[in-house]
Every structure is written in structure tokens, then in C-alpha cells.
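Observations on chain architecture
The lines below spell out each chain.
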Amino acid sequence: MRFKLTLRFILFSVLCVCLTSEELRLKNALAFNAGRIVFTSTRDGNLEIYVMDADGGNQERLTDNPADDSDPAWSPNRTKIAFVSNRNRGFVQIHVMDADGKNPTSLTDGLWEAAPDWSLDGQKIAFTSRNAQGVGQIAVMDTNGHNLLKLTEGQKPSWSPDGKRVAFESLDEEQHSQIHVINVNGQGFESVTRDLPRKTEPAWSPDGRKIAYVAPEGGFYQIYVMNADGKNHKRLTNNRIHKRVDNLQPAWSPDGRTIAYVIFELIDVGRGRRTIHLMTADGQYLKQLSDEHNGSDYHPDFGPGGLAVSPTSNKITIWGRLKKLASDLR
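Notes on the structure in this doc start here. Predicted model, so just to flag it, every value in this text is computed and none were measured.

**Topic: the sheet that holds strand E3 (residues 60-61)**
Taken in spatial order, the 4 strands make up an open sheet running E3-E2-E1-E24, and their pairing is antiparallel. Two strands bound the open sheet, and with one partner strand each, they are E3 and strand E24 (297-302). Relative to E24, strand E1 (residues 36-41) runs antiparallel, the two sharing 4 bridges. Paired with Ser41 across the two strands is Asp297, which belongs to E24.

Given below as C-alpha cells:
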């Protein structure tokens with residue numbers, strides 16, 4: 001009996017060492033409805049769509065096409081994925097496929113359409129549409145591609161959780177990119193940000209209270225968050241882990257506890273690499289989600305939550321084995 005008690009104490013001590021503060025933070029951050037992440041990768045030679053668990057595990061390729069497939073977005077019920085492809089005679093258009101990559105269907109037939117984002121009720125898709133002059137417009141359509149409505153000039157739309165408004169980036173009077181909001185009927189245009197520096201890539205939080213965005217600081221792009229009315233700006237990324245990089249493309253988890261984002265690191269002149277990372281909603285760095293390979297990973301989008309997932313690292317694996325051993329001693 002004394003031997004078993006001593007061994008249990010030793011096992012407990014080892015567990016305390018194995019579970020570092022970073023791992024505990026990651027485990028706690030993913031303890032709720034974290035969902036899965038769909039993303040774009042060039043790891044196999046061209047742009048394709050992949051999916052992974054919220055901790056970076058179980059990475060799986062969904063598309064396999066000579067054309068470029070990118071910019072994926074989950075449907076709210078996680079049964080469909082909208083994405084961008086030039087597989088239709090080279091025109092960049094919005095497509096939709098099943099969550100397993102099957103049954104791809106074209107939704108648009110314009111010259112250039114990108115950046116799809118589903119409304120929370122799953123009835124509409126907002127996206128960017130460029131005309132023959134290259135001017136981007138925020139457009140909304142039904143999920144079957146019908147009832148197209150162009151709202152205003154701009155790009156990179158993000159639905160509000162209540163489905164009534166769309167946040168987007170657009171140039172102001174002085175040709176600086178700022179964050180704006182418009183009602184889905186094309187009325188109620190509002191400038192949420194107005195001052196320098198330029199602001200881009202808005203992402204509405206699941207509770208509707210915050211909007212994450214990207215802005216330059218010190219020569220590099222950083223991720224910020226503000227109230228949905230444009231007040232109380234806070235910088236989230238600080239490059240503590242990665243010094244000279246751009247932080248881009250924020251994507252909220254369904255529970256609002258974490259944000260996936262892209263780090264762009266310049267390797268040499270004219271060549272860089274993009275990797276997907278995870279942080280808490282208050283800016284605490286958690287981990288790199290991308291695999292190590294020669295390509296780039298970007299355009300992350302969280303699907304609606306499913307069962308909670310656990311980190312897959314050597315230390316966590318050891319933790320599981322030690323727990324089993326401890327239970328065997330009972």
C-alpha cells in the first residue's frame with residue numbers, strides 16, 4: 001500500500017511537470033465548443049482546401065483539382081463549405097461543396113467573386129464582387145446563388161451574428177481603408193473607423209459585441225479588436241513569439257474564446273511563408289496549428305462547434321498514459 005501511495009505521488013508530480021502553462025491554457029481554451037477549422041494550403045503544389053481540428057490535429061485535404069481552390073467558409077450547420085475557385089474557365093467565382101469535399105457546385109458566374117461569408121441562419125452568403133473596372137462591391141445572395149443584391153463598394157464582408165448587418169473594409173474620402181457597416185438591405189451605411197492607420201479584414205465576434213481587424217504598426221500588420229461601435233481599440237498580437245512578421249486574417253471560434261489567425265514571415269526577397277496560429281480572445285498566444293511543410297496555410301475559418309478536442313502533443317500523450325497507469329494502481 002505504501003508503495004502504491006508513493007508511486008501515485010510520483011505520478012502526480014510528473015503530471016504537474018508535463019502539463020505546462022501553455023498546454024493548460026490551450027486545453028482550457030478548447031474545452032468548450034471549439035469546432036473545426038477549414039483553411040487554404042499550397043502544401044501539395046497548388047491552392048486546395050483542407051480541414052483540421054481546432055488544435056491543429058487530423059489535417060485532411062478536401063479538394064483535389066488542377067484549378068486553385070481557396071478562401072473557404074463553413075455553413076452554420078457545418079454541412080457545407082463555400083469557397084473560391086477558378087475552375088470555371090479561369091474565372092474566379094464562389095462555389096459550394098459538402099463538408100467532405102464532395103458535390104462542388106458553382107454559385108456565381110461573374111468575372112471575379114471572392115471572400116464568401118455565411119449568415120448565421122444559413123440563408124444568405126455575403127461576398128466581394130468586382131466589376132470589369134476592378135472595383136469591389138459587397139454583394140449578398142441566397143445560398144443557391146439566386147436573388148443577388150449588391151450593397152455598396154467594399155470588400156471582405158463579415159456578417160453580424162444577428163444577420164442584420166455586414167461589416168466590411170472600404171476606402172474613405174482620403175483613400176484610406178477603414179471598417180464600415182451596412183444593413184443587408186443596402187441602407188444604414190456607417191463608418192465604424194475613421195482615423196489612420198488603415199484598417200482591414202474585419203471579423204465579427206460570435207456575440208456581436210466585438211470586431212477584430214488588421215492594421216499596420218511599426219512596419220508590420222497586427223491584429224486588433226474593438227467594440228462593434230468602433231470604440232475601445234485593443235491590440236492583440238505583440239510578436240513576442242515571432243518578431244518580424246505580419247499577423248493577418250483573424251477568425252473567431254464559435255464560442256468566442258479563441259482566434260485563429262495567419263502569420264506571414266518573409267523568408268527572402270519576394271518569398272514568404274504563411275502559417276496558421278491560435279490565440280485566446282484577449283491575445284495570449286497558444287500554438288502554431290499548421291504542419292511543417294514547404295507550402296503556406298491561410299484563410300482559416302472555424303466551423304460551428306462540435307465535441308471538444310484535446311491537444312495532441314507528446315506531453316499530453318504522456319499525460320494520458322500516466323493517468324491510465326495511475327488508474328491501474330487503484
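Text resumes after the structure shown.
**Quick look at the nonpolar core**
As a rule of thumb, soluble globular proteins bury nonpolar side chains together. Grouped together as the largest cluster of nonpolar side chains are 15 residues, with contacts concentrated most on Ile223, Leu236, Trp252, Ile259, Tyr261 and Met279. Contributing elements (two or more residues each) for this core: strand E17 (210-217), strand E18 (220-227), strand E20 (246-252) and strand E21 (258-268). A per-element tally of this core places E21 first, with 4 residues. When neighbours within four sequence positions are excluded, Ile259 is seen to be in contact with Leu236, Pro250, Ala251, Trp252, His277, Leu278, Met279 and Ala281.

**Here's the deal with unusual backbone geometry**
That bond from Leu196 to Pro197 is cis: its omega, 5°, falls within 30 degrees of zero. Residue position: Pro197 is located in the loop between strand E15 (190-191) and strand E16 (200-204). One non-glycine residue, Ala115, adopts positive backbone phi at about 55°. Of note in this structure, Lys156 is not a glycine but carries a positive phi near 55°.

**Thoughts on the pairing of strand E9 (residues 124-130)**
The buried count for E9 comes to 5 of 7 residues, which makes it a mostly enclosed element. By the bridge criterion, 5 bridges tie strand E8 (residues 112-118) to E9 in an arrangement that is antiparallel. Among the inter-strand pairings, Trp112 is bridged to a residue of E9, identified as Arg130. In textbook terms, the turn of a hairpin is the stretch between consecutive antiparallel strands, and for E8 and E9 this stretch comprises 5 residues, one of which, Gly122, has a positive phi near 75°. Across 7 bridges, the pairing between E9 and strand E10 (residues 136-142) is antiparallel. Following the sheet pairing, Ser129 is matched in E10 by Gln137. Hairpin connection between E9 and E10: a loop of 5 residues separates the two successive antiparallel strands, and Gly134 in this loop has a positive phi of roughly 85°.

**Structural notes on the sheet that holds strand E13 (residues 165-171)**
Taken in spatial order, the 4 strands make up an open sheet running E12-E13-E14-E15, and their pairing is antiparallel. This sheet does not close on itself; its edge strands, each paired only once, are strand E12 (155-159) and E15. Sheet topology note: the E13/strand E14 (residues 177-183) ladder contains 7 bridges and is antiparallel. Each bridged residue has a counterpart across the sheet, and for Glu169 the counterpart in E14 is Ile179.

Calculation notes
- Residues numbered from 1 in each chain as written.
- Predicted model: local features only at pLDDT ≥ 70, side-chain atom pairs only at ≥ 80, totals over all residues.
- Heavy atoms only, no water.
- Pairing = 2+ DSSP bridges.
- Helix = DSSP H or I, 4+ residues; strand = E, 2+ residues; numbered from the N terminus.
- Core = buried A, V, L, I, M, F, W, Y, C linked by side-chain atoms within 4.5 Å.
- Buried < 20%, exposed > 50% of the residue type's maximum accessible area, 1.4 Å probe, protein only.
- Contact = heavy atoms within 4.5 Å.

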